[in-house]
Each structure stands twice: as C-alpha cells, then as structure tokens.
Amino acid sequence: MRKKIVAGNWKMNGNVSFLENILQEISSTSKSLENDKEVYIFPPAHLLLAAKTFKNRMKIGAQNGYFADKGAFTGEISMLQYKDLGCDAVLIGHSERRAIFKEDKALLKNKVDAALSHGLKVFFCCGEQLEDRESGQQESIVLQQLQAGIFHLSADDIKNIVIAYEPVWAIGTGKTASKEDAQEMHAAIRKAISEKYDAETAQSVTILYGGSCNAQNAQQLFAQPDIDGGLIGGAALVAEDFKKIIAAI
Ligand code: PEP
C-alpha cells in the first residue's frame, strides 16, 4: 500500500538554530508514526547538511536540483550532489519555480529523469491557476503537467514519484481548496495513472495536497480517500502547527 506523507517545504526561510529547535520539537511526533507514514523536511540548501544530523526518523529533501551531474553551471547543485549529501528526495515543478524562475516542461522532465537516475524520490508538483479553475480547465491543466513531467516514466519509476497537487491560487494565500474539490482532483489524477499504467500502480502512488493546508483543515483533507497527506509551506515553519498536521495523518 502507498505511504502517507507529510512534507514541509520551508522555501527560503530558516537558519541553523531554527532548524535545530524545530526538528527537536517535531521529532517525537514523527518518531511515533507507524511504518506506513513518513515525514519529509525540505529546508533551504544551506541547511541540508545540518538537517541530516538532526533528522532522526524524518527524511530530508532538496527544494530544487539541476539535471547535469557536474560542470559549468554556476550557482546550481546537481541531483548527484544532493544524493551524495544524503538527501532522500527532491521537489520538482513547484509553482514558484515554474513562475519566478521560468522552469519549463522540458527542464522539469530532465530534472525528474536525473533525480530518479540517482535514486532520489521525486515530489512532483502540479496545479492550476485561478483562471483555469474559474473556466473549468483545472483537470486538463493538471493532467497536461503530469503528461509532460512524469508520464514518460516506466511503471517501476513512477512508484518513486510522489505527486503534490497544489492549486496555485491556494499557495500562501490562506485560501484552501475544499475537501470535495481536492478529492475530485486527486481521484482524477489517480484515474489518469490507472489509465496510463494500471490500477495497481495507481493505488501505489502517494498523492499529496498542498495549498494553505494547516492545523485546522489538515484532518478533513487527509480523511479523503485519495488524499494521502500534505505538502505544507507556511504551517511547516511553526512547530506546534506542523506537529498537529503530522498527527493528522
Ligand atoms: C507550498 O509552498 O508548497 C505550499 C503549499 O505553501 P502554503 O502551505 O504556505 O500554501
């Protein structure tokens, strides 16, 4: 059966003392989880080495990575280098990377392939803009993103993908998708995996919800049959809130 996961995306926030404090605070909640549940932390790159020391049962991931292994790419860090550092996973396709850093579908696909080839789990983010939802295009937009980014993979490789459905209008805005709308999209994603691969593969893929998920709404979102946990931004920076969200899986 698929894993249930709560993952914290810290974005460009935090320093060494913040990391030590928050990981210490959440480690007992994370350690008490059953084996089919996992907590991932995605701190900024400069904290990953320290995070490795404090992570306990938690897993750590990078928020980005480049597809070439090495070379003249000033400022970039490769998937191979993140693996060498001890990372378990990488986020690919976050809407901030797509919008601010203009990452296009060809680049994202290359990143997915490189990360998997080095044994990193890929958290692949997808999600529609507000105007897509208002015009009823949300499902086709999200399925196009999956088609371009991960549906070229083999059934074996797709099992190393965690899909994070993150409606762009819900990220950092305080506006959460309703549990019904989120469930509807998660079910559509699982159906698309089933059609592309098979039913067993579709049942094995973890699909997270992200977008203003917090200590108050996590439980009702995670209770939906196709929502297997959350990718959490703002609320992952507050130990008390993040502990409650972890407890909700
Ligand atoms: C995110 O950045 O992935 C995210 C879900 O942010 P927030 O929880 O703050 O909306």
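One can find the structure itself at the top, above this paragraph.
Section: the overall build of the protein
Then comes step 1: In terms of regular secondary structure, the protein is built from twelve helices and eight strands.
Then comes step 2: Over its C-alpha trace the protein gives a radius of gyration of 17 Å, about what one expects of a compact globule, namely 18 Å for 249 residues.
Then comes step 3: On the principal axes, the C-alpha backbone points of the protein span a range of 45 × 45 × 35 Å.
Then comes step 4: Looking at the protein residue by residue over its 249 residues, the buried ones come to 52%.
Then comes step 5: In the protein, 72% of the contacts between residues at least 6 apart in sequence involve partners at least 24 apart.
Then comes step 6: Measuring between centres, the 28 positive side-chain charges of the protein sit 3 Å from its 31 negative side-chain charges.

Observations regarding the site of the ligand
Then comes step 1: Residues in close proximity to the ligand total 14 residues, the closest being K11, E166, G172, S212 and G233.
Then comes step 2: Between H94 and the ligand, the recorded distance is 2.9 Å, taken from a side-chain N or O atom to an oxygen atom.
Then comes step 3: At 2.6 Å, a backbone N or O of G172 approaches an oxygen atom of the ligand.
Then comes step 4: Taken by itself the ligand offers 300 Å² of open surface, and the protein chains cover 95% of this.
Then comes step 5: Each residue belonging to the shell around the ligand can be placed in one class, and the counts come to four nonpolar, eight polar and two charged.

Quick notes on the nonpolar core
Side chains of a nonpolar character, in soluble globular proteins, are inclined to be buried together.
Then comes step 1: Counting residues in hydrophobic clusters, the biggest one holds 65 residues, and the most contacted among them are I150, I161, I163, I189 and F222.
Then comes step 2: Those residues in contact with I161 that lie beyond four places of it in its chain are V112, L116, V122, F124, I150, L153, V205 and T206.
Then comes step 3: By size, the runner-up hydrophobic cluster in this structure holds twelve residues, among which are A7, Y40, A89 and L208.

Thoughts on the side chain of Q145
Then comes step 1: Assignment of secondary structure puts Q145 in helix α7 (residues 138-149).
Then comes step 2: Owing to a relative accessible area of 15%, Q145 belongs among the buried residues under this scheme.
Then comes step 3: When near neighbours in sequence (up to four residues on either side) are disregarded, Q145 contacts R98, F124, C126 and G127.

Concerning the side chain of S212
Then comes step 1: Here S212 is to be found in the loop between β7 (207-210) and α11 (218-222).
Then comes step 2: With relative accessibility at 17%, the residue S212 sits in the buried group.
Then comes step 3: Of the polar contacts made by the side chain of S212, one reaches the backbone nitrogen of G174; its length is 2.7 Å.
Then comes step 4: Contact partners of S212, with chain neighbours within four places excluded, come to A170, G172, T173, G174, K175, T176 and N217.

Cut-offs used in this document
Residues numbered from 1 in each chain as written. Predicted model: local features only at pLDDT ≥ 70, side-chain atom pairs only at ≥ 80, totals over all residues. Heavy atoms only, no water. Helix = DSSP H or I, 4+ residues; strand = E, 2+ residues; numbered from the N terminus. Rg over C-alpha atoms; globule rule 2.2 N^0.38 Å. Buried < 20%, exposed > 50% of the residue type's maximum accessible area, 1.4 Å probe, protein only. Contact = heavy atoms within 4.5 Å. Lys, Arg positive; Asp, Glu negative; His and termini not counted. Charge placed at Lys NZ, Arg CZ, Asp CG, Glu CD. Near = heavy atom within 4 Å. Polar contact = N/O pair within 3.5 Å; in protein donor to acceptor, adjacent residues only side chain to side chain. Areas by Shrake-Rupley, 256 points an atom, 1.4 Å probe, with all protein chains shown as cover. Nonpolar A, V, L, I, M, F, W, Y, C, P; charged D, E, K, R; others polar. Core = buried A, V, L, I, M, F, W, Y, C linked by side-chain atoms within 4.5 Å.

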